[in-house]
Amino acid sequence: MKPSIPQGTRDFSPEVVRKRQYIFDTLRNIFELYGFQPLETPAMENLVTLTGKYGEEGDRLIFKILNNGLHEKNENDKAKLNAEWANMLTKPYTSPVVTERALRYDLTIPFARYVVMHQNDLALPFRRYQMQPVWRADRPQKGRYREFWQCDADVVGSTSLINEAELLSIYSRAFQQLGLPVVIKVNSRKLLQGLSVICGYPEKMMDITIAMDKLDKIGWTGVTAELQARGISDEGITTLENAIMITGSNAEKLESFERVMASSEVGMAGVAEIRKALNYYETLNPGKGAEVAVDISLARGLNYYTGVIVEVVCSHPDVKMGSIGGGGRYDDLTGLFGLKGLSGVGVSFGIDRIYDVLDELGLFPQQLVQGANVMLVNFGGENEQFALTLLAQLRAAGVATEVYPDAAKFDKQMKYANKRGFAFVLLPGDEERAAGEVSVKNFVTGEQKRMAVADAIRLLAEG
RNA sequence: GAGGCUGUAGCUCAGUAGGUUAGAGCAUCAGAUUGUGGUUCUGAGGGUCGAGGGUUCGAAACCCUUCAGCCUCCCCA
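Anyway, here's the lowdown on the structure attached to this text. No experiment lies behind these values; they were computed from the predicted model shown. (Residues numbered from 1 in each chain as written. Chains lettered and ligands numbered in written order. Predicted model: local features only at pLDDT ≥ 70, side-chain atom pairs only at ≥ 80, totals over all residues. Heavy atoms only, no water.)

1. With respect to the sheet that holds strand β9 (residues 308-314)
If you walk across this open sheet you meet the eight strands as β1-β5-β6-β11-β10-β9-β7-β8, and the pairing is mixed. Both outer strands of the open sheet, β1 (37-38) and β8 (291-294), are each paired with one neighbouring strand and no more. Strand direction decides the pairing type here: strand β7 (residues 182-188) and β8, joined by four bridges, are parallel. Among the inter-strand pairings, K185 is bridged to a residue of β8, identified as A293. (Pairing = 2+ DSSP bridges. Helix = DSSP H or I, 4+ residues; strand = E, 2+ residues; numbered from the N terminus.)

2. Comments concerning the environment of D430
With respect to the element layout, D430 can be found in helix α16 (residues 430-435). Accessibility expressed as a relative area gives 51% for D430, which makes it exposed. Sequence separation between D430 and G381 is 49 residues, and the spatial gap between their C-alpha atoms is 9.7 Å. Separated by 3.1 Å, the side chains of D430 and R433 make a polar contact. (Buried < 20%, exposed > 50% of the residue type's maximum accessible area, 1.4 Å probe, protein only. Polar contact = N/O pair within 3.5 Å; in protein donor to acceptor, adjacent residues only side chain to side chain.)

3. Notes on the packing of helix α7 (residues 189-198) against helix α12 (residues 265-284)
With their axes 7 Å apart at the nearest point, α7 and α12 run at an angle of 150° to one another. Between α7 and α12, the interaxial angle falls into the category roughly antiparallel. Along this stretch, α7 crosses α12, giving a crossing that reads as left-handed. Facing K190, L191, Q193, G194 and V197 of α7, the residues of α12 in contact are V266, G267, A269, G270, V271, E273 and I274. For the contact of α7 with α12, the residue count by class is six nonpolar, four polar and two charged. (Axes fitted to C-alpha atoms, helices over the stretch in contact; angles between N-to-C directions. Parallel < 35°, antiparallel > 145°, perpendicular 65-115°, else oblique. Left-handed = near helix turned anticlockwise from the far one by under 90°. Contact = heavy atoms within 4.5 Å. Nonpolar A, V, L, I, M, F, W, Y, C, P; charged D, E, K, R; others polar.)

4. A look at the sheet that holds strand β4 (residues 101-103)
One open sheet accounts for three strands, arranged β2-β4-β3; its pairing is antiparallel. Of all the strands in the sheet, the pair left with one neighbour each is β2 (44-46) and β3 (64-65). Here two bridges tie β3 to β4, and the two strands are oriented antiparallel to one another. By the bridge assignment, I65 is partnered in β4 with R101.

5. Some remarks on the pairing of strand β11 (residues 344-350)
Within β11, seven of the seven residues are buried, which leaves it mostly tucked inside the rest of the structure. Side chains G344, G346, S348 and G350 of β11 all project onto a buried face; the interleaved residues V345, V347 and F349 project onto the opposite face, where all are buried too. Bridge count between strand β6 (residues 147-156) and β11: seven bridges; the pairing is antiparallel. Note that in β11 the partner of D154 across the bridge is G346. Of the pairings in the sheet, the one linking strand β10 (residues 325-330) to β11 comprises six bridges and is antiparallel in character. Counted as the bridge partner of G325 is F349 from β11.

What follows is the structure, given as structure tokens:
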């Protein structure tokens, strides 16, 4: 059979893993520096934990796991099983008889589930980061995979806008450290609610938001058409246009929003929370933070955000990639699992997309693509023992080293060394062994010198 | 869920109007060369032309079906 992997999944070859680890390490260090604690949850959750949390579209994209042992059911159960199968074949529907587990869809809901389950043990506010794969039964395309990694940082149990500012700082620091130019777009669900109020359709916030989110893509004329299709009057559209076309610095925009939103209490609250979060952010990053831009057209798909929402896009002109990170405030996330009144705020890094962008822009550090630094040639016989002794000594000195395991032809060993890209190749042969020496070949320059074993180890240990 | 493109060697691809035994580069292996890699030279192995059916004297090519991959919209990270 021809080997293959499931659609939308990828193998990560050694060089790729190194580059990915560079991203993970960068993020992990920052998360730790900001006082976040690591968390891991299972790859699979009970299906009921996930369903209904991501909207109708989200439910469709959950990877469900078929129950084991269906064939072992007794006759009564099988009748039910048949009925449920029939159901599933005619409509979007699942039954615990057929499937009761599913692959993790994101990291936020499992986190909420964790917090509720461990509420008595946690010191609130609880700050956690989590870097694990998630799965979506989506149709793969550029920048979209069925298995991809998320790196999330969330704070639960505090409504302070300092948390928003901290998370913005994490975004800022992470992308600055990675050398990636970004714009962090900020908005508030309350501002969007306010918009729907002032244009006269408080119940159509979702429709209005979805339409306005497309501003970047389809322009205002496109948005107008969309709004009309969703039943917004011309006066309402004009009101929205006046708000969405506001330009200027963040402070200027917020001032203008304040005037526009004057008749909406919730809208005013939105302005206030963005202003406060940005003030904190400015204090944490005086004059050196990444660009943060207030953007009233920004929407986020997930249903549970209630306050500040953010999205990160790469601002490099050559890069065509959707958002590489996003997040927001959810006032009552754990309420879904029976723990009321616990507010959370979090951000997520889409590291697969970040990888693609870094790769495209050539922003990975050069020295990442190295493994072991030194290879010992295997000349066989007595020399094999000699090589192993050297191997142990080099490793004891902290030099990443490997020995060619077979006494293969010299040419073959050298070709292998070349392909692997070792910095040095050591030749422990008869003459060297007899003299207590070893030949050290710099594989970059081709230069080769014989020297005492101790000197060779010192040289290589110093790099 | 809607639409578009592509499937030929391990990889990237060529293959003229439908006409001998389906090619190239890279990779692999062997040799030149059992103590000197990257460069070079010689040679070798490797193909159900995605699958099934049809048209034809003849199909990798044309038609139908199907599968897979990629891309766009929707939505998302």
